[in-house]
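# Descriptive analysis of the structure
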Amino acid sequence: MSPQVTFMGFAEGATFDARGSLALVGFCPQVVSVERFPAQVSPALVVIVDDDVDGTNLKLGRTANVRLIVTNEAREVVFYVEQATTVTEVKNTGLPGRIALVAQFPVTASKAGRYTYSATIKISDSSAPEMNADASLLVVDQAWLDARKSRSGAGAS
């Protein structure tokens, strides 16, 4: 088995506790409501990567090169970053995942719609293929919600 992204999603906040376990607050929001557009949103993006049982690809000291891209519904890039992180020792927490990446950064939402967060991860000095994953977040305001409510109520009698 090659390394693979076993989870990618959002939380309102994330940290690592004293045991090294990932602790999430407000796990898996699907919609963020803002007062007005343009607005900045910054949920914590959480990516969990797992490896073979024997850990042949995600060895201690290797580098995980990570590219994060956020696009709006028109497929325009609204955020882009490339960074690297080192594979560290696994703490025996009993939880799945060899690498837990948490990234929190502001994204400017210019209008209501679905924003897609895409992650590409490549492990250095490994023959493992590049890993890709996506997660999306709907960003809305009260005007968008009111328009939806009036459309769904128009057909009801």
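Residues numbered from 1 in each chain as written. Predicted model: local features only at pLDDT ≥ 70, side-chain atom pairs only at ≥ 80, totals over all residues. Heavy atoms only, no water.

### Observations concerning the overall build of the protein
Of the regular secondary structure elements, the protein holds one helix and eleven strands. Listing each helix as α and each strand as β along the protein from the N terminus yields β-β-β-β-β-β-β-β-β-β-β-α. Projected onto its principal axes, the C-alpha positions of the protein cover 60 × 30 × 30 Å. When each of the 157 residues of the protein is scored for burial, the buried share is 36%. For the protein, the share of sequence-separated contacts (at least 6 apart) that also reach a separation of at least 24 residues comes to 69%. Counting only carbon and sulfur atoms, one obtains 49% of the accessible surface of the protein, whose full area is about 9,200 Å². (Helix = DSSP H or I, 4+ residues; strand = E, 2+ residues; numbered from the N terminus. Buried < 20%, exposed > 50% of the residue type's maximum accessible area, 1.4 Å probe, protein only. Contact = heavy atoms within 4.5 Å. Areas by Shrake-Rupley, 256 points an atom, 1.4 Å probe, with all protein chains shown as cover.)

### Here's the deal with the sheet that holds strand β11 (residues 131-140)
For sheets, the rule is that strands pair by backbone hydrogen bonds, running either parallel or antiparallel. The strand order across the open sheet built from five strands is β3-β11-β10-β6-β7, with neighbouring strands paired in mixed fashion. Because the sheet does not close on itself, it has two edges, and the strands there are β3 (31-33) and β7 (77-86). On average, adjacent strands in this sheet sit at an angle of 20° to one another, irrespective of strand direction. Relative to β7, strand β6 (residues 63-71) is paired through nine bridges, and the arrangement is antiparallel. Paired with T71 across the bridge in β7 is V77. (Pairing = 2+ DSSP bridges. Axes fitted to C-alpha atoms, helices over the stretch in contact; angles between N-to-C directions.)

### So, the pattern of salt bridges
Side-chain pairs of opposite charge can arise whenever the charged atoms involved come near each other. For the coordinates displayed, the defined rule picks out one salt bridge. A salt bridge links R36 to E35, with the nearest nitrogen and oxygen atoms 3.5 Å apart. Accessibility classification places R36 together with E35 in one group, the exposed group. (Salt bridge = Lys/Arg side-chain N within 4 Å of Asp/Glu carboxyl O.)

### As for the sheet that holds strand β1 (residues 4-16)
Spatial strand order, β2-β1-β5-β8: four strands in an open sheet with antiparallel pairing. Unpaired on one side and paired on the other, β2 (22-27) and β8 (99-104) mark the two borders of the sheet. Averaged over neighbouring strand pairs, the angle between their axes works out to 45° when direction is ignored. When β1 meets strand β5 (residues 44-50), the two strands line up antiparallel, connected through seven bridges. Its bridge partner lying in β5, F10 is registered against L45.

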